[in-house]
Amino acid sequence: MLVDRDRLHIAIQKSGRLSELSRGLLRDAGLRIQNGKNELTARIENFAADLMFVRDDDIPTFVSDGACEFGIVGGNVLEEFALGTEERGFEILAKLGFGRCSLRIAAPEATAYEGPASLAGARIATSYPNIVRRFLADNGVDATVVTMNGAVELAPRLQIAGFICDLVSTGATLEANGLRPVETVLESEAVLIRTARPLNQIHADLGDRLLSRIEGVLATRDSKYIMMNAPGEALKRITEILPGAEAPTIIPLHGRAGHFAVHAVCQESVFWETLQKLKEAGASAILVVPIEKMML
Ligand code: ATP
Ligand code: ZN
């Protein structure tokens, strides 16, 4: 396919843990993804961009080479790639708040572990050799890294390695294989990246628009609009309680002297406990509503 210089190219995972979440983010940013027959690319109907569906491991290469100007990939995959290259070919534009996981060293239940020194002379099986080698170097420990592309949890049972280093979210897979985590090497989440190569003016403008929409989506995902009525003397306390709200709007209530409506955007979750506290501070008729769109 001839790369279209008037359209932005966004690389996302074809199928896996990040595919639906990446599509969901773009959809929330207002991009209508055309479901064509071509499974490797998809056109965006209402924005000058095309999606490229690839394996997550290929996304850093595609973006660094400039084949795709933008990409969504796990921080873990990106870091592993970056450690294996001389020049940083990408820039991280935003952390996306999904695909959270940790890269952990784990060992069979019976293995003693008292800190990184316990890894000295051991064999560690992993799909993240560069990250593990850096961890070992940072801790001044000498160990052998055994690179595997999958089924890393089996390595101890097969006596390929005494330790493994793999991605963990709940820990259920480790447990099912009789392993326990002993060390966290990296915390990860999905990130939006951009090529470090210079963009033509069209791509730069499209990229700015995309980024500002995605930032808007990320801001609204955690934000709520909160409204309530309160007597004047409660306003100071109420402002202190409101989570992540800057400068609430205070409007006098018609026909109720000394009473006000308080409106605010809260940039954090609003829990029942918070509502209870607001009520105790004197607020009434408290309303929490989701925010559909926001442009910062
Ligand atoms: P591909 O076929 O694209 O190479 P994959 O099998 O390498 O896919 P997935 O298992 O789909 O990758 O995981 C994609 C990303 O999801 C990971 O790189 C990581 O950033 C994130 N992730 C979140 N939680 C987990 C988890 N518990 N285990 C593995 N990856 C996770
Ligand atoms: Zn992969």
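Residues numbered from 1 in each chain as written. Chains lettered and ligands numbered in written order. Predicted model: local features only at pLDDT ≥ 70, side-chain atom pairs only at ≥ 80, totals over all residues. Heavy atoms only, no water.

**Thoughts on the coordination of the zinc ion (ligand 2)**
No. 1: With distances of 2.0 to 2.1 Å, the protein atoms coordinating the zinc ion (ligand 2) are D56 (OD) and D57 (OD).
No. 2: Around the zinc ion (ligand 2), the 4 donor atoms sit at angles spanning 73 to 177°, and that spread fits a shape best called irregular. (Donors = N, O, S within 2.8 Å, 3.2 Å for Na, K, Ca; no water. Tetrahedral: all angles 85-135°; square planar, octahedral: opposite > 155°, others 65-115°.)

**What to know about the nonpolar core**
No. 1: In terms of nonpolar packing, the biggest core is built from 33 residues, with I105, L119, L136, F163 and I193 touching the most fellow members.
No. 2: When contributions to this core are tallied by element, the ones reaching two or more residues are β3 (49–54), α2 (59–65), α3 (75–83), β6 (101–108), α4 (129–138), β9 (163–168), β10 (179–188) and β11 (190–195).
No. 3: The two domains that each donate at least three residues to this core are domain 1 (8–99 + 190–220) and domain 2 (101–187).
No. 4: In contact with L119, other than residues within four places in its own chain, are I105, Y113, I124, F135, L136, V141, D142, A143 and F163.
No. 5: Counting residues in hydrophobic clusters, the runner-up holds 28 residues, among them A29, A190, L192 and V217. (Core = buried A, V, L, I, M, F, W, Y, C linked by side-chain atoms within 4.5 Å. Buried < 20%, exposed > 50% of the residue type's maximum accessible area, 1.4 Å probe, protein only. Helix = DSSP H or I, 4+ residues; strand = E, 2+ residues; numbered from the N terminus. Domains from an automatic or database assignment. Contact = heavy atoms within 4.5 Å.)

**Points about the environment of N130**
No. 1: With respect to the element layout, N130 can be found in helix α4.
No. 2: When the C-alpha positions of N130 and F81 are compared, they lie 8.1 Å apart, and in sequence the two are 49 residues distant.
No. 3: N130 has contacts with E80, L83 and G84, leaving out every residue within four places of it along the chain.

**Points about the pattern of salt bridges**
No. 1: For the coordinates displayed, the defined rule picks out 11 salt bridges.
No. 2: For R221, the salt bridge identified is with D28, shortest N-O distance 3.0 Å. Placement of the pair is R221 in helix α6 (residues 201–222) and D28 in helix α1 (residues 19–28), with a sequence separation of 193 residues.
No. 3: On the basis of relative accessibility, which here comes to 37%, the residue R221 falls in the partly exposed class.
No. 4: Given a relative accessible area of 49%, D28 falls into the partly exposed group.
No. 5: The residue E292 makes a salt bridge to K293 at a minimum N-O spacing of 3.1 Å. (Salt bridge = Lys/Arg side-chain N within 4 Å of Asp/Glu carboxyl O.)

**Here's the deal with the packing of aromatic side chains**
No. 1: As enumerated under the stated definition, the model contains 2 aromatic pairs in all.
No. 2: Pairing F81 with F90 gives two aromatic rings, centres 6.4 Å apart and planes at 50°, and the pair type is tilted. For the pair formed by F81 and F90, the shared burial category is buried.
No. 3: Measuring from centroid to centroid gives 6.3 Å for Y113 and F163, while their planes differ by 65°, and the two rings are edge-to-face. Within this pair, whereas Y113 is found in the loop between β6 and β7 (123–126), its partner F163 is found in strand β9, the two being separated by 50 residues in sequence. One exposure class covers both Y113 and F163, and it is buried. (Phe/Tyr/Trp six-rings, centres within 6.5 Å; stacked < 30°, edge-to-face > 60°.)

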